[in-house]
Amino acid sequence: MLGIPRRYSHFVFGIIQSGLTSLVASGIASLPAGDAMGFVGHWMVSWLMAWAAMLPIVLLAAPAVRAFSLLLTREEREPRTARQA
């Protein structure tokens, strides 16, 4: 493994997540490109452009999205056992 310090895991996650998401989305958007070689070329160019655009957005938005998701959810309580009831 690369041995990147754990404190940078937020950035590593953002890089991987934005890359994968933009890869799938640009592939779907490139389907009408025609023949196989046209599709692959269009897909790769579209993916690199989408990833370059999405990476800073994901890295900057992730803390706000996490905070918002914590507002929308609650901590789960442990179920009571028969003796605790």
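Residues numbered from 1 in each chain as written. Predicted model: local features only at pLDDT ≥ 70, side-chain atom pairs only at ≥ 80, totals over all residues. Heavy atoms only, no water.

(A) Local environment of the packing of aromatic side chains. One pass over the structure, following the stated rule, counts two aromatic pairs. Seen from their ring centres, Phe39 and Trp43 are 5.1 Å apart, and the 40° between their planes marks the pair as tilted. You can see Phe39 and its partner Trp43 sitting in helix 2 (residues 36-72), four residues apart, about one turn around the helix. With a relative accessible area of 24%, Trp43 lands in the partly exposed category. Relative to Trp51, the ring of Trp47 lies with its centre 5.0 Å away and its plane at 25°, an arrangement referred to as stacked. (Phe/Tyr/Trp six-rings, centres within 6.5 Å; stacked < 30°, edge-to-face > 60°. Helix = DSSP H or I, 4+ residues; strand = E, 2+ residues; numbered from the N terminus. Buried < 20%, exposed > 50% of the residue type's maximum accessible area, 1.4 Å probe, protein only.)

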